[in-house]
Amino acid sequence: MANVVVVGAQWGDEGKGKIVDWLSERADVIARFQGGHNAGHTLVIDGKVYKLHVLPSGVVRGGKLSVIGNGVVLDPWHLVKEIATVREQGVDISKETLMIAENTPLILPIHGELDRAREEAASKGTKIGTTGRGIGPCYEDKVGRRAIRVADLADPATLEARVDRALQHHNPLRKGLGMPEVNREELIAQLAEIAPQVLEFAAPVWKVLNEKRKAGKRILFEGAQGALLDIDFGTYPFVTSSNVIAGQAATGVGIGPGSIDYVLGIVKAYTTRVGEGPFPTELDDADGERLGTRGHEFGTTTGRKRRCGWFDAALVRQTCATSGITGISLTKLDVLDGFETLKICVGYELDGERLDYLPTAADQQARCKPIYEEMDGWSESTEGARSWNDLPAAAIKYVKRVEELIECPVALLSTSPERDDTILVTDPFAD
Ligand code: GDP
Ligand code: IMO
Ligand code: MG
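Residues numbered from 1 in each chain as written. Chains lettered and ligands numbered in written order. Predicted model: local features only at pLDDT ≥ 70, side-chain atom pairs only at ≥ 80, totals over all residues. Heavy atoms only, no water.

**Digging into the UniProt feature "active site" (unreviewed entry) in the protein**
UniProt's feature table lists "active site" (unreviewed entry) at Asp 13, His 41 and Lys 142, given in the numbering used throughout. Of the residues just listed, which span 130 residues, the most distant C-alpha pair is 25.8 Å apart, and they do not cluster in one region. Looking at the element boundaries, Asp 13 is found in the loop between strand S1 (3–8) and helix H1 (16–23). Since its relative accessible area comes to 22%, Asp 13 is described here as partly exposed. By secondary structure assignment, the location of Lys 142 is in helix H4 (residues 135–143). Its relative accessible area of 34% is what places Lys 142 among the partly exposed residues. With residues near it in sequence (within four places) discarded, Lys 142 still touches Asn 70, Gly 71, Pro 105 and Ala 147. (UniProt positions renumbered as here; feature names shortened; annotations may be inferred. Helix = DSSP H or I, 4+ residues; strand = E, 2+ residues; numbered from the N terminus. Buried < 20%, exposed > 50% of the residue type's maximum accessible area, 1.4 Å probe, protein only. Contact = heavy atoms within 4.5 Å.)

**With respect to the coordination of the magnesium ion (ligand 3)**
Taken together, the protein ligands of the magnesium ion (ligand 3) are Asp 13 (OD) and Gly 40 (O), with distances of 2.0 to 2.2 Å. Highlighted residues: Asp 13 in the loop between S1 and H1 and Gly 40 in the loop between strand S2 (29–32) and strand S3 (41–45), separated in sequence by 27 residues. (Donors = N, O, S within 2.8 Å, 3.2 Å for Na, K, Ca; no water.)

**A closer look at unusual backbone geometry**
Put simply, Tyr 236 and Pro 237 share a cis peptide bond, and its omega is 5°. The residue Pro 237 is located in the loop between strand S8 (219–222) and helix H8 (248–251) in this model. In this structure, Asp 46 is a non-glycine residue whose phi angle is positive, near 50°. Taking relative accessible area as the criterion, Asp 46 reaches 70% and is therefore assigned exposed. The backbone phi angle of Asp 351 is positive, close to 50°, even though this residue is not glycine. Of note, Asp 351 is situated in the loop between strand S14 (341–350) and strand S15 (353–355).

**Things to note about the site of ligand 1**
The immediate surroundings of ligand 1 are formed by 18 residues, with Lys 16, Gly 17, Gly 40, Asp 334 and Ser 414 found nearest. Gly 15 is positioned such that a nitrogen or oxygen atom in its backbone is 2.8 Å from an oxygen atom of ligand 1. Between ligand 1 and Ser 414 there is a distance of 2.5 Å, counted from an oxygen atom to a side-chain nitrogen or oxygen. Protein contacts shield 92% of the accessible area of ligand 1, which totals 580 Å² for the unbound molecule. Of all the secondary-structure elements, those providing two or more residues to the shell around ligand 1 are H1 and S3. (Near = heavy atom within 4 Å. Polar contact = N/O pair within 3.5 Å; in protein donor to acceptor, adjacent residues only side chain to side chain. Areas by Shrake-Rupley, 256 points an atom, 1.4 Å probe, with all protein chains shown as cover.)

**Brief notes about the packing of helix H3 (residues 109–121) against helix H5 (residues 156–176)**
Running from N to C, H3 and H5 point in directions that differ by 35°, and their axes come no closer than 12 Å. In terms of crossing hand, the pair formed by H3 and H5 is left-handed. Residue-level inspection shows Ile 110, His 111, Glu 113 and Leu 114 of H3 in contact with H5, the latter providing Leu 167, His 170, Leu 173 and Arg 174. Tallied by class, residues from the contact of H3 with H5 come to four nonpolar, two polar and two charged. (Axes fitted to C-alpha atoms, helices over the stretch in contact; angles between N-to-C directions. Left-handed = near helix turned anticlockwise from the far one by under 90°. Nonpolar A, V, L, I, M, F, W, Y, C, P; charged D, E, K, R; others polar.)

**Examining the site of ligand 2**
Residues in contact with ligand 2 amount to 20 residues; listed here are only the nearest, Asp 13, Lys 16, His 41, Thr 131 and Thr 240. Within the side chain of Thr 131, a nitrogen or oxygen atom sits 2.6 Å from an oxygen atom of ligand 2. One of the side-chain N or O atoms of Thr 240 is found 2.6 Å from an oxygen atom in ligand 2. Considering ligand 2 on its own, with 550 Å² of exposed area, one finds that the protein chains cover 98% of that surface. Of the residues belonging to the shell around ligand 2, the class tally is seven nonpolar, 10 polar and three charged.

**Remarks on the pattern of salt bridges**
Within the structure shown, the criterion is met by 24 salt bridges. Of the charged contacts in the structure, one is a salt bridge between Asp 427 and Arg 26, with a shortest N-O distance of 2.7 Å. Placement of Asp 427 in the segment after strand S18 (422–424) and of Arg 26 in the loop between H1 and S2 is noted, with a sequence separation of 401 residues between them. Note on Arg 26: relative accessible area 23%, which makes it partly exposed. In this structure, Arg 184 engages Asp 164 in a salt bridge whose closest nitrogen and oxygen atoms are separated by 2.5 Å. Of this pair, Arg 184 sits in helix H6 (residues 184–199) while Asp 164 sits in helix H5, and the two are 20 residues apart along the sequence. (Salt bridge = Lys/Arg side-chain N within 4 Å of Asp/Glu carboxyl O.)

**Looking at helix H7 (residues 205–214)**
For H7, the full list of buried residues reads Val 205, Val 208, Leu 209 and Asn 210. Contacts from the buried residues of H7 go to S2, strand S5 (65–68), strand S6 (98–101), strand S7 (202–203) and S8.

**Section: the nonpolar core**
Of all hydrophobic cores here, the largest spans 56 residues; its most connected members are Phe 221, Phe 311, Ile 328, Leu 330, Leu 333, Tyr 398 and Ile 406. Among the elements that take part in this core, helix H12 (residues 393–406) stands out by supplying six residues, more than any other. When residues no more than four places from it in sequence are discounted, the contact partners of Ile 328 are Leu 264, Gly 265, Val 267, Cys 320, Ile 406, Cys 408, Pro 409, Val 410, Ala 411 and Leu 412. Ile 100, Leu 153, Val 182 and Val 198 belong to the second largest nonpolar core, which has 35 residues in total. (Core = buried A, V, L, I, M, F, W, Y, C linked by side-chain atoms within 4.5 Å.)

Structure, rendered in C-alpha cells:
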C-alpha cells in the first residue's frame, strides 16, 4: 500500500499522534489535511514528550517531508511559535522538511476574538465549548471567499486588497457585537511582518504530492479531531468546522481519492469527549473518574478535563462506515486494566425503540439511552505490552468483541503512550 489515511473515529484525542508517529517510519511524506491548532497530538519517544498542534506528527522523525495541506486553517503566529518550541526540543525544521500549501487560509487574530466572543455570549445549551482558536470563523471566511491565504502574503498590493475584503465583512460584524473595529494598517503591518516566516515553507503542495505519488513515495495523511466532530457527520452543531472523515484527505491536499489505499481509524478502548454535546455512554460516577485519572484525560490544547465513558460500538461502527475504515488501531487498552466489569454500548433506546446507530437530530441524540453488554475485565497489567502473548485472555476477548461489534478488524494495538509499546497485527503499508 502506498498511501494511508489516519483518522480519529470518536470525538478526537484517540491517540492519532502516537500512531502517526509510529507509522511515519514507513512513510516518505506526512500530511495534515484539515483542522488547525485546535488539535493536540502528543508523542512520547523514549520518555521525551512532544506536543504538536498544527505541525504534522512526522516532523519528529528526521528525513521525512511534513506537509500542511490547503484543508488546514493556519495561524501564522502560532506556527512560528510551534516551530520554535519543537526546534528547542532538537527537531529539525527547514524548507526541505516542511511544506505549506499556498492555498491554505490564514487564521487572523479577529477569528480567535470572534470565536471567543461568541462562546462567551452563548447561553446554556448553545455553547459549543470550542478551543477558542478561531477555527470556525476562519473556515467561514474560506467558504465566504474572503479568507487571506498563504499566497496572498507574497504581494503587498494583493495583501492590502485581501485585508480590505475581510474587514468589509468583519468590522460591521464586530461593531454589532460591541467589539472595537480592526485597524487596517495595524493588521497589514502584522501580516507583512510574519509573511517571510510563512512564505519560506510555501509550495504548490498538490503538485509536489502528485509527483511524489507518481515516483512511488508513500504518503501518510494525518487527520485531526474525530469523525463525531465532523461538520457533516458529527453531533452537529457540537462539532468542529471542517470535514474530518477520510474523504477529506484527498481534497485537503489536492490528490485524487483513488490514491488512498488504506484508511486506519484510531479508536480509544473507551470513549472521551472534550467540549459540549451529546455523549450517550458518558459516566459521571467513580468508573468515569477512574478512566479519566488512569487515562490522564486532560486536553493537550486547552488543558480541559475530558468527559469519559464506556466504549460505544454503535458509534464506532457508524464512523467506520462514514470514513471507509479498513482497519483500526485500538489505543489505551491499558487504561482498562483492573476494572472488574467492562461495558460496551451496542445500540440505543429512543422513545421505546431500539436503534443500532445514532440518529441525526440533536434532540434525539441527546435522548438516546445506551444499551450495554457486559464483559469480564482483567486484573493483570497490559501496560507496555508488545505482543498478543503479553495480553491476558480477558483483554484479548474484549478486543475480539470490539472487532465483531464494529465490523472492522484491529490492525494495531497500543498499550502505553510510548512509541514502541505498540502491537502490530496488520501493517497498513504492506502490499
Ligand atoms: P490525538 O489528539 O488523537 O493525537 O490524542 P492526544 O495526544 O490528544 O491524546 C491521547 C493521549 O493518550 C496522549 O497523552 C498520548 O500520549 C496517550 N496515549 C496514546 N496511546 C496510549 C496508550 O495506548 N495508552 C496510554 N495509557 N496512553 C496513550
Ligand atoms: P485532536 O486532533 C478533541 C472540539 C472542541 C469543541 C469542538 C469545536 O487533538 O483530536 P473548535 O475549536 O474546533 O471549533 O471546537 O471540537 N475539538 C476537539 N476535541 N480533540 C481535538 O483535536 C479537537 N479539536 C476540536 O473541544 O468541542
Ligand atoms: Mg488531541
